[in-house]
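Remarks on the overall topology
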Amino acid sequence: MKNFFDFLVSYSKRYGFIFPSNEIYGGINAVYDYGQYGVELKNNIKKYWWESMTQVHENIIGMDSSILTDINVWKASGHLKKFNELLIDNKDSKKRYRPDILIENYVKKNFSKNLEKKNKILSRLYYSLNKKDFLDIKKLINQLQISDPDNGSKNWTNIHFFNMMFKIKYIENLFLRPETAQNIYCNFNNIKKSNRINIPFGVAQIGKSFRNEIVARQFLFRLREFEQMEMQFFISPKKEEENKWYNYWKKMRLKWHLELNLGKDKYKLYNHQNLAHYANLGVDIQFKFPFGFKELEGIHSRRDFDLKQHEVFSKKKLRIVENKNNYRPYVIETSLGLDRMFLSVLSSTLSKEKLENGNDRIILKLPFYLSPVKAAIFPLVNKNELSKLAKKIFNDLKIEYKVEYDSKSSIGKLYRRQDAIGTPLCFTVDYETINTNTVTVRYRDSMKQERIHIKKISKKIEEITSMKNILKNISSNID
Ligand code: ATP
C-alpha cells in the first residue's frame, strides 16, 4: 500500500493532476495545486455534485459566499471557543501530533485482538476527552510508553488546545472560514426574501475552507486549504421531520457515491459517538482510501443551533413566517470535501495493467463523465494530409467537448498517454479516412477498435461521456 501511495503521488505530479504548492520555494505543508488534468477532473466532480443538488432537486438553490468572515460569525457559531484540537509536541523530533490519534493508533497496532484491553484504554481516553482532563491523557501516553512514530522519542510536552481557524493578522476581526455553512445561515433572510421557496428547501455551496491542521501528512486527505461541497437543508422543527430528512439525506448521499461505481465495498457508514458541538445527530460516509477507511463526507442534524446563535449575536430574527406563526427551522447538513472526493476517485481508479505483449500500461479507469479529456484525435502518422484532416475533426469537436489533438509520438505511445489520464475514446485518422470518411475509434478499457463514420463521432462521445444517465438515476430516487 505504501508503494501504491507513493506511486499515486508521483503519478499525480507527472501527469499534471496535482503539484505541491510553491514547490520551487520548498513547498507549503498540506497545500497543493491542481494541474491541467486535475482541474478538469475536479470541475467534473463539482458538476456532478452541483447538478445533483441544484438541478435535480427543484427545492435546492445555490450560493457562493465570501471566504473572509466577521469574527462575530465565529463567536456565534461556537468555532472561536470550540473549534479546537488537542496538540502534543515531541521535544526531540519537533513534530506535532494529536494525542488522541497517537493513542488510537497505538491501540489499533498493539491490541486489535485483545478487545478487553483495547476497550479499557479507549474508554479511558474518551472519558478524559469529555472531561477535558488533559493531564490524564498525558499520563496514559506515558503509561503506554507511546513513542514518536518518527524517531522513537518519548520526550513529550504537555497537552494543550489549539484553535484551528486562520485569523488574518493585519485586518481586525476577520477570519478565513473553516467551513462554508455559516454564510448560508447569515444570509437566511436574504435567501427567503429573494425566493418563493418554502420549507423543506436547501442551499448548496461549493467553496474554499481553511483549517490550521496539526497532522497534515496524507496528501490531499488533510489540507490546510481545501474545498467543500456543502448543502444546508431547512426543515420544519419537529423530531419526526428531523428523523425523516436525516435518513433521506443519509440514503441519498450514499446513493450519489455508489452511482460512481467505484466499488460498493469501499464505503462504510460510521455513526458518531463524539458529536461536533453544533450537532444533534451525525454520521460519516467513510471511504477505503489507500491508508484505510476514513471520513469522506459528514451528514449532520444541526437542528436550529446556528440560526438560534446568530439570532442572539446579531439581534436579528432568522425565522420562517407562516400565517401568524414564526419559527426557526431545523437544518440537516451534508458536507463533502472536494479534495477528499478527488483522492477517493483517483486512488480507486488508478492501476497498472499487464498487456498481452508483456508491457505495462498505466490506466485511470475513471467514470467516463468525470474524465478530464473526453476524447483524443490523432493522425496515424504525422503527414500533412492526415494531420490536416485530424485537426479539422478536432476543431469541430472542441466547441462541444474537452478534446485533445496530438501527433507528437507514435500511435502506441499516444494511446498509452490517454489511457494514463483516463480518456475514454481515441479517434485515429488514417489513409482509409481520405477515401471512406471513417476513422478508427479505440476504447480505453477494452482497447477494442472499430471503424465509424466521421459524422458519428460527436454522437459517440455524447453517448459514452454524458452525465445524463447518472443524473436520471439520482432523480429517480428523490422522495
Ligand atoms: P476529520 O474528522 O477528518 O478532521 P471533520 O469531521 O473535521 O473531518 P467536517 O468538519 O465534518 O470534517 O468537514 C466536512 C468535510 O470536509 C469532511 O468530511 C472532509 O471531507 C472535508 N474536510 C474537513 N477537513 C478537511 C481537511 N483538513 N482537508 C481536506 N478535507 C477536509
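Treat the numbers as computed from the prediction; the structure is a model and nothing was measured. Every chain's residues receive numbers from 1 upward, in the order its sequence appears when written. Given that this is a predicted model, residues contribute local features only at a pLDDT of at least 70 and side-chain atom pairs are listed and counted only at 80 or more, while totals for whole chains, interfaces and linings are drawn from all residues. Calculated side-chain values reflect all of the structure's heavy atoms, with hydrogen atoms and water omitted.

1. A closer look at the overall build of the protein chain
To keep it simple, the criterion reads: Put simply, DSSP H or I for four residues or longer makes a helix, DSSP E for two residues or longer makes a strand, and each gets a number counted from the N terminus. Buried residues are those whose accessible area, probed at 1.4 Å on protein chains only, stays under 20% of the maximum for their type, while exposed residues exceed 50% and partly exposed ones sit between those limits. Contact definition: two residues touch when any of their heavy atoms are within 4.5 Å. To be clear on the numbers: accessible area is Shrake-Rupley with a 1.4 Å probe, and residue cover counts the displayed protein chains and nothing else. By the counting rule applied here, Lys and Arg register as positive and Asp and Glu as negative, while His and the ends of each chain are not counted. Think of each charge as sitting on NZ of Lys, CZ of Arg, CG of Asp or CD of Glu.
When you go through the protein chain residue by residue, the secondary structure sums to 17 helices and 24 strands. Based on the C-alpha atoms only, the size of the protein chain along its principal axes is roughly 80 × 65 × 50 Å. Burial statistics for the protein chain: of 479 residues in total, 51% are counted as buried. Long-range pairs, those at least 24 residues apart, make up 68% of the contacts in the protein chain with a sequence separation of at least 6. Looking at the protein chain as shown, the accessible area adds up to about 24100 Å², and 49% of this sits on carbon and sulfur atoms. Charge centroids of the protein chain, computed over 84 positive and 54 negative side chains, lie 2 Å from each other.

2. Description of the pairing of strand β10 (residues 201-210)
We count it as follows: Strand pairing is assigned whenever DSSP detects at least two bridges linking the two strands.
The element β10 is extensively covered by neighbouring structure, given that nine of its ten residues are classed as buried. Across three bridges, the pairing between strand β3 (residues 60-62) and β10 is parallel. Across the sheet, the residue bridging to I60 is G202, located in β10.

3. Comments concerning the site of the ligand
Note the cut-off: We call a residue near a given molecule or strand whenever any one of its heavy atoms falls within 4 Å of it. Here a polar contact is taken to be a pair of N or O atoms separated by no more than 3.5 Å, where protein atoms must pair a possible hydrogen donor with a possible acceptor and residues adjacent in sequence count only if both atoms sit in side chains. In this classification, Asp, Glu, Lys and Arg are treated as charged, Ala, Val, Leu, Ile, Met, Phe, Trp, Tyr, Cys and Pro as nonpolar, and every other residue, Gly included, as polar.
Near the ligand you find 14 residues, and of these E213, R222, L223, E295 and L296 are the closest. Between the ligand and G337, the relevant distance is 3.0 Å, taken from an oxygen atom to a main-chain nitrogen or oxygen of the residue. Here the ligand has 600 Å² of accessible area as a free molecule, and 86% of this is covered by the chains. Taken together, the elements giving at least two residues each to the shell around the ligand come down to β11 (225-235), β14 (292-303) and β17 (330-337). The element best represented in the shell around the ligand is β14, accounting for four residues. Of the residues belonging to the shell around the ligand, the class tally is four nonpolar, four polar and six charged.

4. Digging into unusual backbone geometry
A cis amide bond links I199 with the next residue in sequence, P200, at an omega value of 0°. On the secondary structure map, P200 appears in the loop between α9 (188-193) and β10. Within the chain, K315 stands out as a residue other than glycine whose phi angle is a positive 60°. Within the secondary structure, K315 sits in the loop between α11 (305-314) and β15 (320-322). A relative accessible area of 72% places K315 in the exposed class.

5. Focus: the domain arrangement of the protein chain
Note the threshold: Bear in mind that the domain bounds are from an automatic or database domain assignment. For any pair of parts, buried area is found by adding up, for both, the accessible area (1.4 Å probe) each one loses once the two are put together. Salt-bridge detection follows one rule: a side-chain nitrogen of Lys or Arg within 4 Å of a carboxyl oxygen of Asp or Glu.
Considered domain by domain, the protein chain is made up of domain 1 (2-80 + 166-346), domain 2 (84-163) and domain 3 (355-468). Centre-to-centre, using C-alpha coordinates, domain 1 lies 36 Å away from domain 3. Residue-level contacts link 16 residues of domain 1 with 16 residues of domain 3. When the two sides are added together, the surface that domain 1 and domain 3 hide from each other amounts to roughly 1500 Å², 71% of it contributed by carbon and sulfur. When the buried surface of domain 1 facing domain 3 is broken down by residue, Y15, Y37 and N44 rank first, second and third, together holding 37% of it. Put simply, domain 1 and domain 3 have zero salt bridges between them. For the side of domain 1 that touches domain 3, the secondary structure elements donating two or more residues are α1 (2-14), α2 (36-55) and α12 (338-349). For the side of domain 1 that touches domain 3, the element with the highest residue contribution is α2, accounting for seven residues.

6. A short note on the pattern of salt bridges
Scanning all chains against the criterion turns up 34 salt bridges. Two residues, K46 and E227, come together in a salt bridge whose shortest N-O distance is 3.2 Å. Residue K46 is found in helix α2, and its partner E227 is found in strand β11; the two are separated by 181 residues along the sequence. Both residues of the pair, K46 and E227, count as buried. Via salt bridges that share partners, E353, R361, K365, R416, D419 and R442 belong to a single interconnected network.

7. Structural notes on the packing of helix α5 (residues 99-110) against helix α7 (residues 134-143)
As a reminder of what qualifies: Axis angles are defined between N-to-C directions and span 0 to 180 degrees, where every axis is a line fitted to C-alpha atoms and, for a helix, only to the segment in contact. Working rule for handedness: look at the near helix, and if it is turned counterclockwise from the far one by less than a right angle, call the crossing left-handed; if clockwise, right-handed.
Look at α5 against α7: their axes get within 10 Å of each other, and the N-to-C directions meet at 35°. As for how α5 packs across α7, the hand of that crossing is left-handed. Contacts between α5 and α7 pair P99, L102 and I103 from the former with I137, L140 and I141 from the latter. Class assignment of the residues belonging to the contact of α5 with α7 gives a composition of six nonpolar, no polar and no charged.

8. Notes on the sheet that holds strand β5 (residues 84-89)
The strand order across the open sheet built from three strands is β6-β5-β7, with neighbouring strands paired in antiparallel fashion. With one partner strand each, in any of the chains shown, β6 (96-97) and β7 (160-163) form the two edges of the open sheet. When β5 meets β7, the two strands line up antiparallel, connected through four bridges. In the strand pairing of β7, N84 is matched with N163. Strands in contact with α5 are β5 and β6; relative to β5, the strand with the most contacts, it is inclined by about 70°.

9. Focus: the side chain of S65
With respect to the element layout, S65 can be found in the loop between β3 and β4 (68-70). A distance of 3.3 Å separates polar atoms of two side chains, one belonging to S65 and the other to N183. Setting aside residues no more than four positions away along its own chain, S65 makes contact with R177, T180, N183 and Q205.

10. Things to note about the packing of helix α6 (residues 115-131) against α7
So the rule is basically this: Put simply, angles under 35 degrees are roughly parallel, angles over 145 are roughly antiparallel, angles from 65 to 115 are roughly perpendicular, and the rest are oblique.
For the pair α6 and α7, interaxial distance at closest approach is 9 Å and the crossing angle is 155°. With respect to each other, α6 and α7 are oriented roughly antiparallel. Contacts between α6 and α7 involve I121, R124, L125, S128 and L129 on the former and, on the latter, D136, I137, K139, L140 and Q143. Classifying every residue of the contact of α6 with α7 gives five nonpolar, two polar and three charged.

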